[in-house]
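# Close look at the chain arrangement
Given next are the chains, with one letter for each unit.
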Amino acid sequence: MTANIPSDTPLIDPDDIGYNKTSNPSFSDLVEARLSRRNLFGLGVGSASVALLQACGGGGSNSVFPMPPAAAAPAPAPAPAPAPAPAPAALKLNFTAVPKSLDDVVSVPAGYTASVLYRLGDPIAAGVPAYLNDGTDAPATYDKRAGDHHDGMTFFGINASNKWEPAAAARGLLAMNHEAITPLFLHPTGQTIVGTGNAAVRSVADEVQREFFLHGVSVIEVSKSGSAWSYKQDSSFNRRVHTLTEMQFSGPAAQTDYLKTKYSSDGSKTRGTLNNCANGTTPWGTYLTCEENWAGYFRRIVASDNLNRSAKEIAAFGRYGVAGTGRELWATVTPDTADNLYGRWNTEVITGAATAADDYRNGANTYGWVVEIDPFTPGSMPKKRTALGRFGHEGACLGPVVVGKPLVWYMGDDSQNEYVYKFVSTKAWDAADVNGGIAAGDKYMDDGKLYVAKFNADGSGNWLELKLGVNGITAANPAYAFADAADVLINVRLAADVAGATKMDRPEWTAVNPRNGEVYLTLTNNTARPVGGTDAANPRSYNDPKGAAQTAQKGNPNGHVIRFADTNGDPAAVTFKWDVYLFGARSTAAADVNLSKLVADNDFSSPDGMWFSHATAGLLWLETDDSKYTDVTNCMLLAALPGQVGDGAARTITNVDGATSATQATFVGKAPGTEGLRRFLVGPKDCEITGIAESGDGRALFVNIQHPGETTPAANISDPTKFGSHWPEGGTARPRSATVVITRNDGGLIGL
Ligand code: FEO
Ligand code: CA
Ligand code: CA
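Residues numbered from 1 in each chain as written. Chains lettered and ligands numbered in written order. Predicted model: local features only at pLDDT ≥ 70, side-chain atom pairs only at ≥ 80, totals over all residues. Heavy atoms only, no water.

### Things to note about the pairing of strand β4 (residues 171–178)
Counted residue by residue, β4 has seven buried out of eight residues, so it is predominantly covered. Here eight bridges tie β4 to strand β7 (residues 216–225), and the two strands are oriented antiparallel to one another. Paired with Ala 175 across the two strands is Val 219, which belongs to β7. (Buried < 20%, exposed > 50% of the residue type's maximum accessible area, 1.4 Å probe, protein only. Helix = DSSP H or I, 4+ residues; strand = E, 2+ residues; numbered from the N terminus. Pairing = 2+ DSSP bridges.)

### Side note on the nonpolar core
In this structure, Trp 294, Trp 345, Trp 409, Met 411, Tyr 421 and Leu 466 are the most contacted members of the largest nonpolar core, which totals 56 residues. For Trp 294, the contacting residues outside a window of four places in its chain are Leu 274, Asn 275, Tyr 320, Val 322, Ala 364, Tyr 367, Gly 368, Arg 390, Phe 391 and Gly 392. Counting 26 residues, the second-largest nonpolar core is a separate cluster that includes Phe 455, Val 512, Val 519 and Val 580. (Core = buried A, V, L, I, M, F, W, Y, C linked by side-chain atoms within 4.5 Å. Contact = heavy atoms within 4.5 Å.)

### Structural notes on the coordination of the calcium ion (ligand 3)
In a perfect tetrahedron of four donors around a metal, the angles come out at 109.5 degrees. In a perfect octahedron of six, they are 90 or 180 degrees. For the calcium ion (ligand 3), every protein donor is listed as Glu 508 (OE), Asp 608 (OD) and Asp 625 (OD), and the spread of their distances is 2.3 to 3.2 Å. Positions of the donor residues of the calcium ion (ligand 3) along the chain correspond to the pattern E-x99-D-x16-D. Separation of the calcium ion (ligand 3) from the calcium ion (ligand 2) amounts to 3.3 Å, with Glu 508 serving as a shared donor to the pair. Of this pair, Glu 508 sits in strand β23 (residues 507–512) while Asp 608 is found in strand β29 (residues 607–612), placing the two residues 100 residues apart along the sequence. Accessibility assignment for this pair places Glu 508 and Asp 608 in one class, buried. (Donors = N, O, S within 2.8 Å, 3.2 Å for Na, K, Ca; no water.)

### A few points about the coordination of the calcium ion (ligand 2)
The coordination sphere of the calcium ion (ligand 2) contains the protein donors Cys 277 (SG), Glu 394 (OE), Glu 508 (OE), Asp 608 (OD) and Asp 608 (OD), at a distance range of 2.3 to 3.1 Å. Here the calcium ion (ligand 2) is ringed by six donor atoms whose angles at the metal span 48 to 152°, and the overall shape comes out irregular. Each donor residue of the calcium ion (ligand 2) belongs to the same chain, and together they define the spacing C-x116-E-x113-E-x99-D. For Cys 277, a relative accessible area of 2% translates into the label buried. (Tetrahedral: all angles 85-135°; square planar, octahedral: opposite > 155°, others 65-115°.)

### Considerations on the environment of Pro 123
Positionally, Pro 123 belongs in the loop between β2 (112–119) and β3 (150–157). Note on Pro 123: relative accessible area 6%, which makes it buried. As for Pro 123 and Gln 233, which are separated by 110 residues in sequence, their C-alpha atoms are 6.5 Å apart. Not counting the four nearest positions on each side in its chain, Pro 123 is found in contact with Val 128, Pro 129, Ala 130, Lys 144, Arg 145, Tyr 231 and Gln 233.

### Points about the sheet that holds β29
Spatially, four strands are ordered β29-β30-β31-β34 in an open sheet, and the strand pairing comes out antiparallel. Every other strand in the sheet has two partners, leaving β29 and β34 (677–682) as the edge strands with one partner each. The average undirected angle you get between the axes of adjacent strands in this sheet is 25°. Sheet topology note: the strand β31 (residues 636–640)/β34 ladder contains five bridges and is antiparallel. Considered in β34, the bridge of Ala 640 is made with Leu 677. (Axes fitted to C-alpha atoms, helices over the stretch in contact; angles between N-to-C directions.)

### What about the sheet that holds β2?
Strand order across the open sheet formed by four strands is β2-β37-β36-β35, with antiparallel pairing between neighbours. Pairing within the sheet leaves two strands with one partner each, and these edge strands are β2 and β35 (688–694). Each strand of the sheet is rotated relative to its neighbour by a mean of 25°, with strand direction disregarded. With seven bridges joining them, β2 and strand β37 (residues 738–744) adopt antiparallel strand pairing.

### What about the packing of aromatic side chains?
Applying the stated criterion across every chain yields a total of 40 aromatic pairs. Aromatic pair Phe 156 and Tyr 287: ring centres 6.4 Å apart, planes at 75°, arrangement edge-to-face. Residue Phe 156 is found in strand β3, and its partner Tyr 287 is found in strand β13 (residues 287–291); the two are separated by 131 residues along the sequence. The same class applies to Phe 156 as to Tyr 287, namely buried. For the pair Tyr 520 and Tyr 581, a centre-to-centre distance of 5.2 Å together with 80° between the ring planes defines the contact as edge-to-face. Taken together, the positions of Tyr 520 in strand β24 (residues 519–523) and Tyr 581 in strand β28 (residues 575–583) put the pair 61 residues apart, joining distant regions of the chain. Using a relative accessible area of 4% as the deciding quantity, one classes Tyr 581 as buried. One aromatic cluster is present, built from ring pairs that chain together Phe 212, Tyr 297, Phe 298, Trp 330, Tyr 342, Trp 345 and Tyr 367. When the ring centre of Phe 317 is taken as reference, the NZ or CZ atom of Arg 300 above it lies at 4.0 Å. Taking NZ or CZ as reference, Lys 422 lies 5.7 Å from the ring centre of Tyr 451, over its face. (Phe/Tyr/Trp six-rings, centres within 6.5 Å; stacked < 30°, edge-to-face > 60°. Lys NZ or Arg CZ within 6 Å of the ring centre and 35° of its normal.)

### Focus on the pattern of salt bridges
Scanning the entire structure with this criterion turns up 44 salt bridges. Between Arg 506 and Asp 414 there is a salt bridge, with its nearest N and O atoms 2.8 Å apart. Linking Arg 506 in the loop between β22 (504–505) and β23 with Asp 414 in the loop between β17 (406–412) and β18 (416–418), this pair joins segments that are 92 residues apart in sequence. Assigned by exposure class, Arg 506 and Asp 414 land together as buried. (Salt bridge = Lys/Arg side-chain N within 4 Å of Asp/Glu carboxyl O.)

### A closer look at the packing of helix α4 (residues 311–320) against helix α7 (residues 492–499)
In contact at an axis separation of 9 Å, α4 and α7 are set at 85° when each is read in the N-to-C sense. Our classification of the angle between α4 and α7 gives roughly perpendicular. On α7, the residues that touch Ala 316, Arg 319 and Tyr 320 of α4 are Val 492, Arg 493, Leu 494 and Asp 497. In terms of residue class, the contact of α4 with α7 is made up of four nonpolar, no polar and three charged. (Parallel < 35°, antiparallel > 145°, perpendicular 65-115°, else oblique. Nonpolar A, V, L, I, M, F, W, Y, C, P; charged D, E, K, R; others polar.)

### Some words on the pairing of strand β10 (residues 246–250)
With three bridges connecting them, β10 and strand β11 (residues 269–271) associate as antiparallel partners. Within the sheet, the bridge partner assigned to Glu 246 lies in β11 and is Arg 271. Note that β10 and strand β15 (residues 383–385) share three bridges and pair parallel. Looking at the pairing, Phe 249 lines up with Lys 384 of β15.

### Observations regarding the confidence of the model for the protein
Looking at the protein, the pLDDT average stands at 91 and 89% of residues meet or exceed 70. Contacts from residues 1–11, a stretch scored under 50 in pLDDT, to residues over four places away or in other chains number 21 contacts. The low-confidence segment residues 26–55, where pLDDT is below 50, has 86 contacts with residues more than four positions distant or belonging to other chains. (pLDDT = per-residue confidence, 0-100.)

### Some remarks on unusual backbone geometry
Note the cis peptide between Thr 334 and Pro 335, where omega equals -5°. Inspection of the secondary structure assignment puts Pro 335 in the loop between α4 and β14 (370–373). Of note, the bond from Trp 727 into Pro 728 is cis; its omega dihedral lies within 30 degrees of zero at 5°. Relative to the assigned elements, Pro 728 resides in the loop between β36 (701–706) and β37. In this structure, Gln 255 is a non-glycine residue whose phi angle is positive, near 55°. Residue classification places Gln 255 among the exposed residues on the basis of a relative accessible area of 53%.

### Points about α4
Listing the buried residues of α4 in full gives Ala 316, Phe 317, Arg 319 and Tyr 320. For α4, the angular spread of buried residues about the axis comes to 165°, placing them on one side. The inward-facing, buried residues of α4 contact α3 (302–305), β18, α6 (485–490) and α7. Phi turns positive, to about 75°, at Gly 321, one or two residues after α4. (Arc of directions from axis to C-beta.)

Here it is in structure tokens:
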């Protein structure tokens, strides 16, 4: 029997599944005074806080801020308090809010134009034909086409010498992630699957080949002619990185037993990157792509494979959710190739395989990393940076870049009840490394300290180091006996558990405010946050009834944005203070739900993508990946002008679910009003808005529209009028993920 994917299976966001079974505190039971003055001042932070410019996701003109080396650290504490930052010029939102919408279009404010730039399947090499978009395009051409599910994205301006120049306004390389696929629209009638359950197999290898290529990363050259942006189909910079691209491991876990596979018997390499969600940048001009829901792609039938596994391996698989047939059934194609293109997705111990170098039992360990790509050197081999830990990496936002200081990246682990991390380099930043490529990455990203966050009930926080021998991360840990440094990095969720990290409501993107260095973190939602199970940093649990049927949506369905300030503006600090910047909610929700007092022009749900514009130095863009408020509106992009940690007040709210209620104390940032938060764009039907970047002058904004029409029932593939979206081509076309570029008709800055 040949069958398509079941048409009426509800779409489950893999992020909604949590694998954190620990009893880690959700609230502060101890407020420790780890705030010794030695910790606060021992790094000689001095004037660091006045030089806070950063280069997260979108790159930009302030990405690198060469400062003279800081004066040597004065030995004895206390050091003088840092000088206050000069007051930056006030920004003002300057557009008319876009109304909520269920239309199948991209809506932007009056005076702006949104143009489609780069769609699923668009060719990126000379001679590759235009995409037919009917499921019949030749599979072998897909490594020279745009991938699916456009996500995190960075604009790298280029100068006439083809070098990185962040301020470049009219020509650049756009690097972007392709997180996943909407299989229904990729083949003539969706995926061809034979059998059901554990016996289900993909019977058409061509379909799987397309899917291998449609994941990963694009690098494309884009430029402006007049006011119109386009990509250059035959640019020598154009590149696809996908699930077959060879990659090297670096950092402490490289070349260890945990990463040995039949493909790389010394554990030095693997093939491909997968489920690339958000992104990050480096001050030397490379792209970071982050592997998020990789676990679901692997086949591991638990009942049989566990018989061949140690207790530690079983604990690790359980903590990362490596179980099942694999979401796209890639491991099931027969016959396998000599180099195991299909079998590599089976991460079971194979009968007859003597060692880890004879099968892919360690295959799942080769994913879950931050991967560095040099977009300026198309032939360069990407590197998986193991020092940054293995988890469901959402993104990696670079913190303030100061000459003579360590570099820092802030990183969310996107699953329910997971954690937020930061990596602090050992080496201090030297601006001579700009344009240093992957070699510069070796210097800064392979050696450093990895921390996880603990949010305390009094508004303080601690960064807990994740290293063998500290914070309970030892061989004596009852839940998991850590053997060595590589074991800690590969199983960093287990290390964070024992360290006592705070479970969060799905940590998505991080963003660093260039005005003050404060770090913002989207917490998109959490259906597993019952009344009585809240904490100060994840304070809401309520019901958000949806649609005419008033279907219950419980927990924290609409999400929030927390922010924190590392002590003294020092990214290497081990303490911070925090508050909740913004709570998502319907504007009509009760006061203890709509805590940010959102109104019709700025209400939203499920914040995900988030990024501070560099060219405008402080404008925050907020994107939604929502399924909770979609009875009223499609997903959206909002512009915001946030204040700072502590600009609001302490507040105790009452959470209610039926007859159950509980109070929760928290810290609520100042309500933004429409002067501080305003809807800028609404996307087409059934999409997510994600990925954002700008040209070096801030006069072109690139935004990704991911998976329009994603929940179209499989049975509807035979009737194009019943597709859930036809964007961007309209008519009865199959929908396509795409990048749009937004410009102001008078050529001005976007949003201001
Ligand atoms: Fe891929 Fe966490 O969104
Ligand atoms: Ca995301
Ligand atoms: Ca998401």
